[in-house]
Amino acid sequence: PRPFKYEWGSGQIVEEASYVGQYAEPAIQLLEYADHPGAYGIRFCYYNHEGRFQRSPMMIDGEDALEGLRAALKQTPRLRQLLKKLVG
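The present account deals with the structure reproduced in this document. Here the structure is a predicted model, which is why all the values come from computation and not from measurement. (Residues numbered from 1 in each chain as written. Predicted model: local features only at pLDDT ≥ 70, side-chain atom pairs only at ≥ 80, totals over all residues. Heavy atoms only, no water.)

**Some remarks on the layout of surface pockets**
Argument step 1. As a volume, the largest pocket reaches approximately 220 Å³.
Argument step 2. Lining of the largest pocket is provided by Y19, G21, Q22, Y23, A24, P26, Y46, M59, D61, D64 and A65.
Argument step 3. Taken as a whole, the second largest pocket encloses approximately 190 Å³ of empty space.
Argument step 4. Considering the residues around the second largest pocket, the lining is formed by I28, F44, I60, L66, L69, R70, L73, L83, L86 and V87. (1 Å grid on protein atoms, 1.4 Å probe; cavity = no way out; pocket = protein on both sides within 12 Å on 5 of 7 lines; lining within 4 Å. Points joined across faces, edges and corners; volume = space filled by probe spheres on them.)

Below is the structure:
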């Protein structure tokens, strides 16, 4: 797990599905808040190729990225379940 911090709370990234694409690394993350037990969030974001978090909207382009994220989500059972609720 890696830490995250916002003005309204902080905690750990406990699951992450990501894909290294041609221009960036899109990621879907399951966040657990330390200061609000039982609270979680899903963050859709991306990193540049140097590993720096980017603060603009995440873009997923092309079938390769979709397939890459789909494959990565197979390793994140809790995050996958929450996303199924979102689209189900």
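**Brief notes about the nonpolar core**
Argument step 1. A17, I28, L30, A72, L73, L79, L82 and L83 form the largest nonpolar core, which has 8 residues in total.
Argument step 2. Counting residues per element, the ones that place at least two in this core are β3 (25-33), α1 (62-73) and α2 (77-87).
Argument step 3. In terms of residue count, the dominant contributor to this core is α2 (3 residues).
Argument step 4. Ignoring sequence-local partners within four residues, the contact set of A72 consists of A17 and S18. (Core = buried A, V, L, I, M, F, W, Y, C linked by side-chain atoms within 4.5 Å. Buried < 20%, exposed > 50% of the residue type's maximum accessible area, 1.4 Å probe, protein only. Helix = DSSP H or I, 4+ residues; strand = E, 2+ residues; numbered from the N terminus. Contact = heavy atoms within 4.5 Å.)

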